[in-house]
Amino acid sequence: MALEITDANFEELVLKSDKPVLVDFWAEWCGPCRMVGPVVEELAKEYDGKAIVGKVNVDHNPEISMKFGIRNIPALLFFKNGEIVDKQIGAVPKSVLAEKLSKQMA
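Residues numbered from 1 in each chain as written. Predicted model: local features only at pLDDT ≥ 70, side-chain atom pairs only at ≥ 80, totals over all residues. Heavy atoms only, no water.

As recorded in an unreviewed UniProt entry, the chain goes by the name Thioredoxin, listed as coming from Pedobacter aquae.

Have a look at this one:
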């Protein structure tokens, strides 16, 4: 299951991770976010132990959202060694996200 990432645990779970991290910025009222949500959950299962997959509710965690300039959701950011290495804005097929995440493991 995708981790719930918050303003409080973001640094620990994302920036200090020794694995690649996929963070899904979403909100309950966002239609495309609800399409991406199940895909993110599937990736969390498939990459368990190899990558961190988490979700940030932008309504509940405005600090992180502002820090990374999130204006459109869903916004999926890929981190490696605490740095953003890739991103995807909007709903896309699972294959696109899986490819971007796999690339960070090479």
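Anyway, onward from the coordinates.
(A) Representation of the nonpolar core in the model. Grouped together as the largest cluster of nonpolar side chains are 19 residues, with contacts concentrated most on Val-14, Val-23, Phe-25, Ile-70, Ile-73 and Phe-79. Elements represented by at least two residues in this core include exactly helix 1 (10-15), strand 2 (21-26), strand 3 (52-57) and strand 4 (75-80). With four residues, the single largest contributor to this core is strand 2. If near-sequence neighbours (up to four positions away) are discounted, Ile-73 is found in contact with Phe-25, Trp-26, Ala-27, Trp-29, Cys-30, Cys-33 and Val-58. (Core = buried A, V, L, I, M, F, W, Y, C linked by side-chain atoms within 4.5 Å. Buried < 20%, exposed > 50% of the residue type's maximum accessible area, 1.4 Å probe, protein only. Helix = DSSP H or I, 4+ residues; strand = E, 2+ residues; numbered from the N terminus. Contact = heavy atoms within 4.5 Å.)

(B) Structural context of the packing of helix 2 (residues 31-46) against helix 4 (residues 94-103). At their nearest, the axes of helix 2 and helix 4 sit 10 Å apart, and the two run at 40° to each other. Relative to helix 4, helix 2 is oriented oblique. As for the relative orientation of helix 2 and helix 4, their crossing is right-handed in sense. Across the interface between the two elements, Val-39, Glu-42, Leu-43 and Glu-46 from helix 2 touch Lys-94, Leu-97 and Ala-98 from helix 4. Classifying every residue of the contact of helix 2 with helix 4 by side-chain character gives four nonpolar, no polar and three charged. (Axes fitted to C-alpha atoms, helices over the stretch in contact; angles between N-to-C directions. Parallel < 35°, antiparallel > 145°, perpendicular 65-115°, else oblique. Left-handed = near helix turned anticlockwise from the far one by under 90°. Nonpolar A, V, L, I, M, F, W, Y, C, P; charged D, E, K, R; others polar.)

(C) Expanded view of the pairing of strand 2. Buried residues dominate strand 2, accounting for six of its six residues. Of the two faces of strand 2, the one holding Val-21, Val-23 and Phe-25 and the one holding Leu-22, Asp-24 and Trp-26 are both buried throughout. Sheet topology places strand 2 next to strand 3; six bridges connect them, and they run parallel. Opposite Trp-26, over in strand 3, you have Asn-57 as the bridge partner. Handedness of the crossover joining strand 2 and strand 3 through helix 2 is recorded here as right-handed. (Pairing = 2+ DSSP bridges. Right-handed = clockwise from strand over helix to strand, strands pointing away.)

(D) Representation of the state of the cysteines. This structure, assessed with the given rule, holds one disulfide. The disulfide that involves Cys-30 links it to Cys-33, with 2.3 Å between the sulfurs. On the sign convention where negative is left-handed, the bridge of Cys-30 and Cys-33, at about 80° about the S-S bond, is right-handed. Overall, Cys-33 belongs to the buried group, its relative accessible area being 3%. (Disulfide = S-S within 2.5 Å.)

(E) Layout of the pattern of salt bridges. In this structure the tally under the stated criterion is five salt bridges. The residue Lys-16 makes a salt bridge to Glu-11 at a minimum N-O spacing of 3.8 Å. A residue is classified by how much of its surface remains accessible, and Lys-16, at 53% relative accessible area, is exposed. A salt bridge links Asp-24 to Lys-55, with the shortest nitrogen-to-oxygen separation between them at 3.2 Å. Remark: Lys-55 occurs in strand 3 and Asp-24 occurs in strand 2; sequence separation between them is 31 residues. A residue is classified by how much of its surface remains accessible, and Asp-24, at 0% relative accessible area, is buried. A relative accessible area of 13% places Lys-55 in the buried class. (Salt bridge = Lys/Arg side-chain N within 4 Å of Asp/Glu carboxyl O.)

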